[in-house]
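The residues making up each chain are set out below.
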Amino acid sequence: MTITRRTLLASGAAGALAAGLLPGLPSFAVPPSEDGYDLWMRYRLVADRDVLAHYRAAFTHVVVLGDHAVLRSAGSELSRGLSGLLGRSVPVRDRIGDGAVVVSAKADDTLGPEGFTIRRRADRFDITGGGERGALYGAFRLLQQVQRQRPVEQLNTTDRPASPLRMLNHWDNLNRSIERGYAGKSIFVWDELPGLRERYVDYARVLASVGINHTVVNNVNASAEFLRSERLPGLAALAGVLRSWGVRLWLSANYASPITLTKGGPAPIAVADPFDARVQQWWQDKIDEIYRLIPDFGGFLVKANSEGQPGPLDYGRTHADGANMLADRLAPYDGKIVWRSFVHEGFDDWAEYQYRVFHPLDGQFHENAVVQTKNGPIDFQVREPVNPLFGGLPRTNQMVELQITQEYTGHSTHLCYLVPEWKAVLGFPTYTGSGSGPTVADIVTGVAYDQENVGMAGVVNIGDDRDWTGYQLGAANTHGFARLAWNPRLSADEIVTEWIELTFGLDRQVGSVLKAIMLQSWETYESYTSPLGMGYLTYPLGSHFAPAPTTTQNLSHHTTAAGTGFDRTAATGTGFTGLYAAHWQEIYGSLENCPDELLLFMHWVPYTHVLQSGKTMIQHIYDSHFNGYQRVLEFRSGWGQLAGRVDAARYADIAATFDAHVVEAERWRDTIVSYFYGFSRTVSARGGWLQLAYPGGQLLFGGRANSLAVQVTNATDAERSFTAAVRPVDSSWQVGSVGATVGAGGSATVALPVIPPLIAGLVDLDIDITPAQTALSSRNQTFVITPDAAQCHLALDIGTADSPLVTGYARVSPSTTWSTTRGYGWVGTAPQGRDRGSTWDALRRDFVGDYPARTLRVTLPPGPVRLSALVGDGGPDCPPTIIAEGNKVLAASTDLPGGVFTWIHADLDGGPTGRTADLTLDSEPDRFWHLGALVLTAAP
Ligand code: GCU
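Rules behind the numbers
- Residues numbered from 1 in each chain as written.
- Predicted model: local features only at pLDDT ≥ 70, side-chain atom pairs only at ≥ 80, totals over all residues.
- Heavy atoms only, no water.
- Helix = DSSP H or I, 4+ residues; strand = E, 2+ residues; numbered from the N terminus.
- Rg over C-alpha atoms; globule rule 2.2 N^0.38 Å.
- Buried < 20%, exposed > 50% of the residue type's maximum accessible area, 1.4 Å probe, protein only.
- Contact = heavy atoms within 4.5 Å.
- Areas by Shrake-Rupley, 256 points an atom, 1.4 Å probe, with all protein chains shown as cover.
- Near = heavy atom within 4 Å.
- Polar contact = N/O pair within 3.5 Å; in protein donor to acceptor, adjacent residues only side chain to side chain.
- Pairing = 2+ DSSP bridges.
- Salt bridge = Lys/Arg side-chain N within 4 Å of Asp/Glu carboxyl O.
- Expected span 1.5 Å × (residues − 1).
- Axes fitted to C-alpha atoms, helices over the stretch in contact; angles between N-to-C directions.
- Domains from an automatic or database assignment.
- Buried area = accessible area lost by both parts, 1.4 Å probe.
- Core = buried A, V, L, I, M, F, W, Y, C linked by side-chain atoms within 4.5 Å.
- UniProt positions renumbered as here; feature names shortened; annotations may be inferred.
- Phe/Tyr/Trp six-rings, centres within 6.5 Å; stacked < 30°, edge-to-face > 60°.

Caption draft 1: Region of the structure containing the overall build of the protein. A tally of regular secondary structure across the protein gives 20 helices and 40 strands. Its C-alpha atoms give the protein a radius of gyration of 30 Å, near enough to 30 Å, the size a compact globule of 940 residues would have. Within the protein, buried positions represent 60% of all 940 residues. Residue pairs at least 24 apart in sequence account for 71% of intrachain contacts in the protein once pairs closer than 6 positions are excluded. Accessible surface for the protein amounts to roughly 34,300 Å². Of this, 51% is attributable to carbon and sulfur atoms.

Structure, rendered in structure tokens:
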């Protein structure tokens, strides 16, 4: 095969180069496209010719001393990486010659089992680990330094990790959905195990490359099924892959597993009481069974008596009783129990609960039990004070739980680089010991209380998307978490620089532009979503993505016409500030001294309150949202400057993410600013705006005239006259405009004429206001378009028997059985109906659904016809709905977060005379399908 530039581009340079086919590579103006799969382990040819020449002389082959799977992994990774980087084969050999990279492990007290040294000798490099894992980490470090083109003379290093437990928590379910995952399905194909996928090796490499040594592979909301005997050989196979890369497999355990897994068997156990002898024996047997198959099994992570999960409190025992029962059985195997402190039911103020429950248990947890505590006292909000349990459990092993997946920080749409936040958490001085210490980092590295079973857990953002993390820049958080777990002293600047260089190469402009964007992104996200420590402003039961400040009134803020915030002071509020050391009690308890960024977390203050910055609180809220949005626009244009400097595929991918980021940032700005103007009625010192609102329950009909009601509030101090119109999506839309005049502070409702095309869809609409001015919530409002019933062959509003009906639509409820005269209805068992209430329009508020499949029979007209079905749930998350006829799947939806809807479509044929079609409605096994509407329209 001759390698031309074109085949090289097509195959990806690394593959060809790793195979040793090419002596060098012409330098391209624009680098070849990448899809992000290689993350920070890209091993592309070293661009600087001098450096490359030195490397080629220095590294000619790899030699592994010792027979151990982890050492072999180190050897193969070095060979693979150096071959790619040097553009020629750097094989693993048995004999040490000139230019050898020699990998070995030798017990060494200063290094510890995970530390390493890299030493340049006269004619070779030695990578020596204090244990096999240390050697592996040294191999990756050398490769990273070579990727960053560090001169050969500067490669000597000694390093060891700070935290013993550097752990990922996957919130992956048995059906491969991921709780709070935004990167596709679980990478673990449970039902295929013990069959192994190539990607598991890459996953293990990713972890090892940044020193992660433990991983919990399933969700803390754990299914007992993971512990079923039939599953364990499969998990053992997975553990085997991880083991070769120095990673130990853990499982989240459901505390009621003895009940669930003995049900229906010969000796059912009806309780999960940790003091019950049968329960203890069941766990003993289960743990023995696991270790027979997985000798290095890490242990169990447990979420107990939290958000509905079972636990020891169900039997009058404490969390410590519950944890110790398992810990004692794991101890002989060197297993551990990680017990989460995230519990929040039962007190008035969510922030206090964990401390009040766990602080009294300090000193009661056994040596191999570790309490895992989220960084803040609430739930991974963009800004929270540090959880007072840090420093509050000096006689308990403790891990900090950080959330890498961006549940409350923008999913995979908003860029939010979290390392600066985590730095602030780790650096927090608790003042509970001598001087200002210990810091959170001191606690989780074991320095504070001389502990070994401590560390950091990250709820990971990995899924089966090709780029692993759902958006390219999200991988920086995965990398950053691991680097901090390795060394919490690294600065955010150092960590992000390393990630950028490994991910995008050494182009200076890429480095400086992207670094500036990333380092500002967390505080930017904070500024347009939730400044001043305001906290939780998304719908608590939903996907935690879009703004919904009205839904968290009392939970996270007490907003009135006079002010906002939450009085958590010891003097006049809930008493939360009293949980901290005296130093912080004084600061947080005082209105003057409380840092601005936590003000509304700790205090309730009037809008006129003057901040440390000199602005009033309300003006700060306004300015923060407007400035934050402006910065997101700058992020997008900053990225735009890098066109041609980053490969085309990743450039376009990231540009598209910034486009979506801008839209969502605007939505946050508009919603929160409007909300606070609505209460405070204070006009911004910067001049004000118009704000638009859409009375609930509005549907738009496709193919006929609608008037869209829009309430316009004049948040300025002068009368405003304007014309408003829906911006047509394309030429198939017809619209009309309406003029209005609204006095300062007043509101008017205008009815905008609009005729959408005859479609079933969800459409984002903009409202044009002329003359042009700032009009909040005038862009990207999502509306459901449903076809005009008069123009459909069939238009069914599907749901409960008594909820409101869409104009012209026929009702299908669970009791609508098939009849030929009707031409639609259920055959066989009917499904269940649900109504989510009046915040939704008539179409979306109710639906039918069920666990088993059900059949809806409909009459098709002659000839081709289009079927459209509305799927979604205004309450909880909505699993896929699959519509089939016979064995043929016609249409299917994906997992949808609560409150998100979609139309799915299929093209059918009624034949020459028309016919009936039996539509099977189903989901994945044991999941609830949904159907809210079904229409048949002319084929497009
Ligand atoms: C949050 C999150 C849940 C998760 C829980 C936990 O509340 O929304 O999905 O299960 O935290 O950490 O246990």
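Let us keep going from here.
Caption draft 2: Region of interest: the site of the ligand. In the vicinity of the ligand, the contacting residues are Trp171, Glu179, Arg180, Asn221, Lys303, Glu307, Arg340, Phe342, Lys374, Asp379, Glu407 and His544. Between the ligand and Lys303, the relevant distance is 2.6 Å, taken from an oxygen atom to a side-chain nitrogen or oxygen of the residue. The side chain of Asp379 places a nitrogen or oxygen atom 2.8 Å from an oxygen atom of the ligand. In isolation the ligand offers 310 Å² of accessible surface; the protein chains occlude 96% of this area.

Caption draft 3: Inspection of the pairing of strand E17 (residues 689-693) at higher detail. Most of E17 sits inside the fold, with four of its five residues counted as buried. As defined by bridge partners, E17 adjoins strand E19 (residues 706-715) across five bridges and the pair is classed as antiparallel. The residue of E19 that forms the bridge with Gln691 is Thr713. Looking at chain direction, E17 and strand E26 (residues 775-776) are connected through two bridges and run parallel. Paired with Gln691 across the two strands is Leu776, which belongs to E26.

Caption draft 4: Just the pattern of salt bridges, in detail. Counted by the stated rule, this structure contains 57 salt bridges. Note that Arg141 is salt-bridged to Asp159, the shortest N-O span being 3.0 Å. On the criterion of sequence distance, the pair formed by Arg141 in helix H5 (residues 132-147) and Asp159 in strand E6 (residues 157-159) is long-range, its members being 18 residues apart. Taken as a pair, Arg141 and Asp159 share a single burial class, namely buried.

Caption draft 5: Layout of H5. Taking 1.5 Å as the rise per residue, H5 with 16 residues should run 22 Å; its terminal C-alpha atoms sit 23 Å apart, in good agreement. Across the 16 residues that make up H5, a large majority, 14, are buried. Two residues or fewer past H5, Gln149 is found with a positive phi of approximately 60°.

Caption draft 6: Structural context of helix H14 (residues 475-486). Helix length check: H14 (12 residues) gives 17 Å between terminal C-alpha atoms against 16 Å at 1.5 Å per residue, within 8%. Of all 12 residues that make up H14, 12 are buried, and the element is covered over most of its length.

Caption draft 7: Representation of the sheet that holds strand E11 (residues 336-340) in the model. Judged by pairing direction, the barrel is parallel, and its eight strands sit side by side in the order E7-E8-E9-E10-E11-E12-E13-E14 before closing back on the first. Across the sheet, the mean angle separating the axes of adjacent strands is 25° when strand polarity is ignored. Alignment of strand E13 (residues 398-403) against strand E14 (residues 455-459), held across five bridges, turns out to be parallel. Considered in E14, the bridge of Leu402 is made with Gly458. Together, strand E7 (165-169), E13 and E14 form the strand contacts of H14, whose direction differs from that of E14 by roughly 175°.

Caption draft 8: Representation of the sheet that holds strand E23 (residues 747-755). Read from one edge to the other, the open sheet built from five strands follows the order E21-E23-E19-E17-E26, with strand pairing classed as mixed. Strands at the two margins of the open sheet, each flanked by one partner only, are strand E21 (734-735) and E26. Pairing between E21 and E23: two bridges, direction antiparallel. The residue bridging Gln734 from the neighbouring strand is Ile755, located in E23. Of the strands in this sheet, E17, E19 and E26 are in contact with helix H20 (residues 648-680), which crosses E17 at around 100°.

Caption draft 9: Region of interest: the domain arrangement of the protein. Domain annotation for the protein reports domain 1 (49-159), domain 2 (165-504), domain 3 (528-680), domain 4 (689-785) and domain 5 (788-938). A C-alpha centroid distance of 27 Å is found between domain 3 and domain 4. Opposite the 11 residues of domain 3 that make contact, domain 4 presents 13 residues. With both sides pooled, the region where domain 3 packs onto domain 4 buries about 960 Å², and carbon together with sulfur makes up 54% of that total. Remark: the boundary between domain 3 and domain 4 carries one salt bridge. Between Glu666 and Arg779 there is a salt bridge, and its shortest N-O distance comes to 2.9 Å. Connecting domain 3 to domain 4 are four residue pairs in polar contact (both at pLDDT 80 or more). Of all elements in the fold, only helix H19 (617-640) and H20 reach the threshold of two or more residues within the side of domain 3 that touches domain 4. Examining the composition of the side of domain 3 that touches domain 4, we find that nine residues originate from one element, H20, more than from any other.

Caption draft 10: Layout of the nonpolar core. Phe59, Phe300, Phe504 and Trp639 are the most contacted members of the largest nonpolar core, which totals 213 residues. Here this core takes 12 residues from H20, the largest share from any one element. Phe300 has contacts with Leu227, Trp250, Leu251, Ala253, Trp283, Ile287, Ile290, Leu330, Lys336, Ile337 and Val338, leaving out every residue within four places of it along the chain. Counting residues in each nonpolar core, the second largest holds 29 residues, with Val848, Ala869, Val871 and Leu896 among its members.

Caption draft 11: A look at unusual backbone geometry. Cis geometry marks the peptide bond from Gly437 to Pro438, where omega comes out at -10°. Within the secondary structure, Pro438 sits in the loop between helix H12 (419-426) and helix H13 (440-444). Cis peptide bonds are those with omega within 30 degrees of zero, and the linkage from Thr770 to Pro771 qualifies with -5°. Considering the arrangement of structural elements, one finds Pro771 in the loop between strand E25 (767-770) and E26. The backbone phi angle of Tyr431 is positive, close to 60°, even though this residue is not glycine. Its location among the elements puts Tyr431 in the loop between H12 and H13.

Caption draft 12: Just the UniProt feature "domain: Alpha glucuronidase N-terminal" (unreviewed entry) in the protein, in detail. UniProt's feature table lists "domain: Alpha glucuronidase N-terminal" (unreviewed entry) at residues 39-142, given in the numbering used throughout. The span residues 39-142 is 38% helical and 22% strand by assignment, and the distance between its end C-alpha atoms comes to 17 Å.

Caption draft 13: Here's a closer look at the packing of aromatic side chains. According to the stated counting rule, one finds 42 aromatic pairs in the structure shown. When the centroid spacing of 6.1 Å and the interplanar angle of 40° are considered together, the rings of Phe188 and Tyr200 count as tilted. Residue Phe188 is found in the loop between E7 and helix H6 (198-209), and its partner Tyr200 is found in helix H6; the two are separated by 12 residues along the sequence. Neither Phe188 nor Tyr200 differs from the other in exposure class; each is buried.

Caption draft 14: Seen up close, the pairing of E25. Taking every second residue as pointing to the same face, the buried face of E25 carries Ile767 and Ile769, while none of Asp768 and Thr770 on the other face is buried. Note that strand E20 (residues 720-726) and E25 share four bridges and pair antiparallel. Each bridged residue has a counterpart across the sheet, and for Thr723 the counterpart in E25 is Thr770.

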